[in-house]
Amino acid sequence: MFSALLLTGLAINAQAQQDFPEDIKPLVNKYACSACHKVDARLVGPAYKDVAKKKYSNEKIVELIGAPKPSNWPGYPPMAALKVPKEDAMKLATWINSLAGGGKAKSKKG
Ligand code: HEC
């Protein structure tokens with residue numbers, strides 16, 4: 001009976017921190033984004049939820065991955081520019097913006 005309680009507690013704990021979704025995980029591992037970013041907590045870089053709050057367009061995020069602007073994040077070390085193929089960068093950008101919750105990402109195709 002105690003162990004059942006303990007397990008319940010652990011399960012709740014594990015859910016408190018948001019993890020990368022299954023379709024995003026392979027990408028953040030491949031490009032090592034996850035070494036510096038978490039979904040909802042500061043690591044080396046800002047939480048992706050906080051990036052989402054900046055309300056960049058998806059295109060802008062793709063641009064920033066290839067050419068970060070450290071001046072956007074005072075108090076953080078600069079992020080190194082990363083070579084991520086456009087298609088993957090766009091997937092990451094779209095997902096980051098989806099974290100804003102309620103924010104309607106304008107999708108300009110092209
Ligand atoms: C070595 C650590 C590191 C890695 C790896 C890393 N980041 Fe970052 N990232 C940072 C830091 C630090 C910042 C804040 C300072 C800055 O923007 O330069 C940041 C900022 C950002 C921003 C906000 C840019 C802005 O100007 O607002 C985005 C978006 C981002 N990272 C996405 C990614 C993605 C996607 C990957 C993987 C392809 C990645 N990062 C990999 C450290 C990292």
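Just so it is clear, the structure is predicted and the values come from calculations on it, not from any experiment.

Definitions and limits used
- Residues numbered from 1 in each chain as written.
- Predicted model: local features only at pLDDT ≥ 70, side-chain atom pairs only at ≥ 80, totals over all residues.
- Heavy atoms only, no water.
- Axes fitted to C-alpha atoms, helices over the stretch in contact; angles between N-to-C directions.
- Helix = DSSP H or I, 4+ residues; strand = E, 2+ residues; numbered from the N terminus.
- Parallel < 35°, antiparallel > 145°, perpendicular 65-115°, else oblique.
- Left-handed = near helix turned anticlockwise from the far one by under 90°.
- Contact = heavy atoms within 4.5 Å.
- Nonpolar A, V, L, I, M, F, W, Y, C, P; charged D, E, K, R; others polar.
- Polar contact = N/O pair within 3.5 Å; in protein donor to acceptor, adjacent residues only side chain to side chain.
- Near = heavy atom within 4 Å.
- 1 Å grid on protein atoms, 1.4 Å probe; cavity = no way out; pocket = protein on both sides within 12 Å on 5 of 7 lines; lining within 4 Å.
- Sits in = over half its atoms within 2 Å of the grid points.
- Donors = N, O, S within 2.8 Å, 3.2 Å for Na, K, Ca; no water.
- Tetrahedral: all angles 85-135°; square planar, octahedral: opposite > 155°, others 65-115°.
- Buried < 20%, exposed > 50% of the residue type's maximum accessible area, 1.4 Å probe, protein only.

## A short note on the packing of helix α4 (residues 58-66) against helix α5 (residues 86-98)
- Orientation of α4 relative to α5, taken along the N-to-C sense of each, is 120°, at an axis distance of 8 Å. As judged from the angle between their axes, α4 and α5 are oblique. In this structure, α4 crosses over α5, and the sense of that crossing is right-handed. Every residue of α5 that contacts α4 at N58, E59, I61, V62 and I65 is listed here: K86, A89, M90, A93, T94, I96 and N97.
- Partitioning the contact of α4 with α5 into residue classes produces 7 nonpolar, 3 polar and 2 charged.

## A few points about the side chain of H37
- Within the secondary structure, H37 sits in the loop between α2 (25-30) and α3 (48-53).
- From its side chain, H37 meets the backbone oxygen of P46 in a polar contact 2.8 Å long.
- When sequence neighbours within four positions are dropped, the list of residues in contact with H37 reads F20, L43, G45, P46, Y48 and M79.

## Some details on the site of the ligand
- Neighbouring residues of the ligand: 26 residues in total, closest C33, C36, H37, Y56 and M79.
- At 2.7 Å, a side-chain N or O of H37 approaches a nitrogen atom of the ligand.
- Y56 has a polar side-chain atom sitting 2.5 Å from an oxygen atom of the ligand.
- If you map the ligand onto the pockets, it falls in the largest pocket.
- Elements with a minimum of two residues in the shell around the ligand: α3 and α4.
- The greatest single-element share of the shell around the ligand, amounting to 3 residues, is contributed by α4.
- Here the residues of the shell around the ligand sort into 22 nonpolar, 3 polar and 1 charged.

## Observations concerning the side chain of N97
- On the secondary structure map, N97 appears in helix α5.
- Within polar-contact distance, the side chain of N97 engages the backbone oxygen of Y56 at 3.1 Å.
- N97 has contacts with A52, Y56, S57, N58 and I61, leaving out every residue within four places of it along the chain.

## Brief notes about the coordination of the iron atom of the ligand
- Around the iron atom of the ligand, the donor atoms from the protein are H37 (NE2) and M79 (SD), and they sit 2.0 to 2.1 Å away.
- Around the iron atom of the ligand, the 6 donor atoms sit at angles spanning 84 to 180°, and that spread fits a shape best called octahedral. With H37 in the loop between α2 and α3 and M79 in the loop between α4 and α5, this residue pair connects regions lying 42 residues apart in the sequence.
- When its relative accessible area of 9% is taken as the criterion, H37 is described as buried.
- For M79, a relative accessible area of 34% gives the class partly exposed.

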